[in-house]
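# Observations on the three-dimensional arrangement
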Amino acid sequence: MEVLNFIFGLGIAFSIFGFIWALIMILLNFITNRLDVNLKQIHFLVLRVIKYVLLVSVVANYILLNQESGDATSVTTSNMIIGVAVMALYFMGKLQKRTIFNQFAQHKLLALLAPPIDPKTEGYLFSGSIILFIFCLQFPMIIGNPIVNWFTMSITSVYEAPIFGWIFSAIAFFFLINMLIRAANVIGSLVTGQPINKPKTGGGFQFGGQMGSNPFEQFREQQQTDEGFVDYEDVTDVEDVTDSDNKKLD
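Description of the structure in this document. This is a predicted model, so every value here is computed, not measured.

### Let's talk about the overall build of the protein
The secondary structure content of the protein amounts to nine helices and zero strands. Per-residue burial for the protein yields a buried fraction of 48% across its 250 residues. Entry remark: accessible area of the protein is about 12,900 Å², with carbon and sulfur atoms responsible for 68%.

Here is the structure:
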């Protein structure tokens, strides 16, 4: 039960971080709406790196501050193992989704919605994020800064709000189910000798279009068709405004 509660808490951290990041992206996209297409590509890539650096830092800080032992200067071995496993499964799901997007991009009509992306770049980004996550847990002093603390405290404040708390509790529940199913799939793949990163394009329980995905990230991805390209990213954010909204702003 403690393991389930721990993963549920991580679901809270992931989903509320995605919600806060989505609000920040709406403001940034409004400010940078008139950037050149090439500059926008660089803009999105830089923001993706920033997002994942912040995500793993905030989640690590959230784990440290919410341990049952109350010690925020070191992480227990069990929390370390479970946290890294959940983070790896989370990024694995994102990488599978990127692969599916590449399959969609082979069709001319769908290429506008899901242009091809480099899976190696995604793999390097996600692998680097997991390594940084481990460093953050091992050396908490590197995440003791005002930005990470503000995100962490904001997650706690949003979760404690009456209505928002219920909403994100529901999202965290589906996150928990998703992680358990992914873990079972990985174990099954290892036992049968199949590749563990093979994308699942059908079957299974679906919530909001992809099993266990954060709906804020799903909505953000649907909006990322501005200027004919999509940001690489999925839990889980509303980073772009639609073309129709841009015309209204003009």
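### Notes on the environment of methionine 153
Structurally, the position occupied by methionine 153 is in helix α6 (residues 146–160). On the basis of relative accessible area, methionine 153 is assigned to the partly exposed category, the value being 44%. For the pair methionine 153 and tyrosine 62, spaced 91 residues apart in the sequence, the C-alpha separation amounts to 8.7 Å.

### Points about helix α5 (residues 119–138)
The terminal C-alpha atoms of α5, which comprises 20 residues, lie 29 Å apart, in line with the 28 Å expected from a rise of 1.5 Å per residue. Of the positions making up α5, those classed as buried are Glu122, Gly123, Leu125, Phe126, Ser129, Ile130, Phe133, Cys136 and Leu137. Along the long axis of α5, the arc covered by the buried residues comes to 165°, so they all point the same way. Along α5, exposed side chains directed more than 90 degrees from the buried face belong to Lys120 and Tyr124.

### Thoughts on the environment of isoleucine 143
Examined against the element boundaries, isoleucine 143 turns out to sit in the loop between α5 and α6. Remark: the alpha-carbon pair of isoleucine 143 and valine 58, spanning 85 residues in sequence, is separated by 7.8 Å. Residue contacts for isoleucine 143: discarding those within four places in its chain leaves Ser57, Ala60, Asn61, Leu64, Cys136, Val148 and Asn149.

Calculation criteria
Residues numbered from 1 in each chain as written. Predicted model: local features only at pLDDT ≥ 70, side-chain atom pairs only at ≥ 80, totals over all residues. Heavy atoms only, no water. Helix = DSSP H or I, 4+ residues; strand = E, 2+ residues; numbered from the N terminus. Buried < 20%, exposed > 50% of the residue type's maximum accessible area, 1.4 Å probe, protein only. Areas by Shrake-Rupley, 256 points an atom, 1.4 Å probe, with all protein chains shown as cover. Expected span 1.5 Å × (residues − 1). Arc of directions from axis to C-beta. Contact = heavy atoms within 4.5 Å.

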